[in-house]
Amino acid sequence: MSIIIKPIVSEKLTAQGEKLNRYGFVVDLEANKIQIKNAIEKYYGVTVEAVNTVRIAGKIKSRNTKRGLAVGRTNNYKKAYITLKAGDNIDFFNNI
């Protein structure tokens, strides 16, 4: 089971990364805070101070097609906001 699915790279989280040393990740729905903390520390080699999680419900989407109205929904997912110890940082763009 892969705990970390992908990092969240947005303007808001980039600013928080610079100011508050906080980063965001999309994680597995079944993962708890301890598993997320251990996965981040193992993968990036940093010290995690705090983990905050948020479960995001999928949105209902609809569109008009030739056959009528098509209705569906996006997937549910879980976000984790990681606060690192002072002096540690994560560079998502180092291997581009």
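Residues numbered from 1 in each chain as written. Predicted model: local features only at pLDDT ≥ 70, side-chain atom pairs only at ≥ 80, totals over all residues. Heavy atoms only, no water.

A.B. asks: Help me understand the packing of aromatic side chains in this model?
C.D. replies: Two descriptors summarise a pair of aromatic rings, namely the distance from one centre to the other and the angle between the planes of the rings. Going through the model one piece at a time under the given rule, you end up with five aromatic pairs. With centroids separated by 5.7 Å and ring planes inclined at 40°, the aromatic side chains of F25 and Y44 adopt a geometry described as tilted. Here F25, found in strand β2 (residues 22-27), pairs with Y44, found in helix α2 (residues 33-44); they are 19 residues apart in sequence, far enough to count as distant. Taking the centre distance of 5.8 Å and the plane angle of 80° together, the rings of F25 and F92 count as edge-to-face. Taken together, the positions of F25 in strand β2 and F92 in the segment after β6 (77-84) put the pair 67 residues apart, joining distant regions of the chain. On the basis of relative accessible area, F25 is assigned to the buried category, the value being 0%. Using a relative accessible area of 22% as the deciding quantity, one classes F92 as partly exposed. An aromatic cluster of three or more residues is present, and its members are Y23, F25, Y43, Y44 and F92. (Phe/Tyr/Trp six-rings, centres within 6.5 Å; stacked < 30°, edge-to-face > 60°. Helix = DSSP H or I, 4+ residues; strand = E, 2+ residues; numbered from the N terminus. Buried < 20%, exposed > 50% of the residue type's maximum accessible area, 1.4 Å probe, protein only.)

A.B. asks: How should the sheet that holds strand β1 (residues 4-8) be read in this particular structure?
C.D. replies: Strand pairing in a sheet is mediated by backbone hydrogen bonds. Such pairs are either parallel or antiparallel. Strand order in the open sheet formed by four strands is β1-β2-β6-β3, and the pairing between neighbours is antiparallel. The open sheet has two edge strands with one neighbour each: β1 and β3 (48-56). The mean inter-strand angle of the sheet, taken between neighbouring strand axes irrespective of direction, is 30°. Pairing analysis gives four bridges linking β1 to β2, with the strands arranged antiparallel. When the sheet's bridge partners are listed, P7 is paired in β2 with F25. Sheet strands in contact with helix α1 (residues 11-19) are β1, β2 and β6, and its direction is about 135° off that of β2. Taken strand by strand, α2 contacts β1, β2, β3 and β6, and its axis lies near 120° from that of β3. (Pairing = 2+ DSSP bridges. Axes fitted to C-alpha atoms, helices over the stretch in contact; angles between N-to-C directions. Contact = heavy atoms within 4.5 Å.)

A.B. asks: I tried to follow a nonpolar patch on the surface on my own but got confused; where do I start?
C.D. replies: Together, I60, L69 and V71 make up an exposed nonpolar region whose accessible area comes to about 340 Å². Take I60: it is sitting in strand β4 (residues 60-65). Look at I60 and you get exposed, because its relative accessible area is 63%. (Patch = residues over 30% accessible without salt bridge, like charges linked within 9 Å, V, L, I, M, F, W, Y side chains within 5 Å. Areas by Shrake-Rupley, 256 points an atom, 1.4 Å probe, with all protein chains shown as cover. Salt bridge = Lys/Arg side-chain N within 4 Å of Asp/Glu carboxyl O.)

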